[in-house]
Amino acid sequence: MVAWLKILLPLAALALLSTLFLLSRGQDHSGVLPFSQIGLQERAREEIIAAPRFSGATTRGDLISFVAETARPDPDLDNVAHASNLDAKIDLTSGTHISFQSANARLDSQNEEAELMGGVVITSSTGYSLHSDNLKTKMSEIGAETAGPVYGEGPAGTVEAGKMLLTTDPGSNEVQLLFTNGVKLVYQP
């Protein structure tokens with residue numbers, strides 16, 4: 001009986017494997033690519049990058065990431081790209097999260113800066129939700145600054161200021177959100 005099983009079991013395994021490979025060949029894998037021909041031609045002609053990502057870490061260990069819907073290089077300036085629907089996030093080592101969203105952005109990889117334009121929304125896990133027309137931020141370290149007025153809500157109430165600055169205090173090495181140029185705070189206890 002053992003002698004017969006030594007012959008029959010390998011033959012049964014061979015039969016199972018051959019049917020497995022025969023059945024897998026029956027499917028048609030020559031399907032169409034999941035891209036429209038017009039979309040591919042437009043991206044090739046206009047040099048559009050779909051869903052670009054940039055991420056890195058500061059020397060302190062804070063994580064920074066930039067994600068956009070599309071980006072295209074500037075035809076006149078090297079190392080500059082224009083992005084649409086940009087979402088930037090900073091995850092600090094302290095556990096705090098800060099994000100910036102804008103409709104348009106100009107990314108300068110040589111100077112490692114991004115200028116967000118077209119209605120910038122600034123939110124943080126500490127409870128701030130702010131709005132500004134534009135914001136310049138660093139891409140490799142903690143640093144952001146609005147060029148004009150900023151308004152929104154924070155933990156203490158509503159805030160309006162001529163300028164907002166996100167920076168690291170050199171003495172304590174803590175990240176600070178500073179409001180300057182005519183700050184108006186309506187405190188809501």
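See the structure printed just above.
About the criteria used
- Residues numbered from 1 in each chain as written.
- Predicted model: local features only at pLDDT ≥ 70, side-chain atom pairs only at ≥ 80, totals over all residues.
- Heavy atoms only, no water.
- Pairing = 2+ DSSP bridges.
- Helix = DSSP H or I, 4+ residues; strand = E, 2+ residues; numbered from the N terminus.
- Core = buried A, V, L, I, M, F, W, Y, C linked by side-chain atoms within 4.5 Å.
- Buried < 20%, exposed > 50% of the residue type's maximum accessible area, 1.4 Å probe, protein only.
- Contact = heavy atoms within 4.5 Å.

**Thoughts on the pairing of strand 13 (residues 175–180)**
Alignment of strand 12 (residues 163–168) against strand 13, held across six bridges, turns out to be antiparallel. When the sheet's bridge partners are listed, lysine 163 is paired in strand 13 with threonine 180. Connecting the antiparallel pair strand 12 and strand 13 is a turn made up of six residues, with asparagine 173 showing a positive phi of about 65°.

**Regarding the nonpolar core**
Membership of the largest hydrophobic core comes to 28 residues, with the highest contact counts inside it found for Ile90 and Phe100. Taken together, the elements giving at least two residues each to this core come down to strand 3 (63–67), strand 5 (80–91), strand 6 (97–108), strand 7 (113–124), strand 8 (129–138), strand 11 (157–161) and strand 12. With sequence-adjacent residues up to four places away left out, phenylalanine 100 is seen in contact with Leu86, Asp87, Ala88, Ile90, Leu116, Val121, Ile122, Leu135, Thr137, Ala144 and Leu166.

**Looking at unusual backbone geometry**
Backbone geometry at asparagine 79 places phi at a positive 65°, although glycine is not the residue there. Mapped onto the secondary structure, asparagine 79 falls in the loop between strand 4 (70–73) and strand 5. Look at asparagine 79 and you get partly exposed, because its relative accessible area is 41%. For asparagine 181, which is not glycine, the phi dihedral falls at a positive 60°.

None of this, on its own, says anything about what the molecule does.
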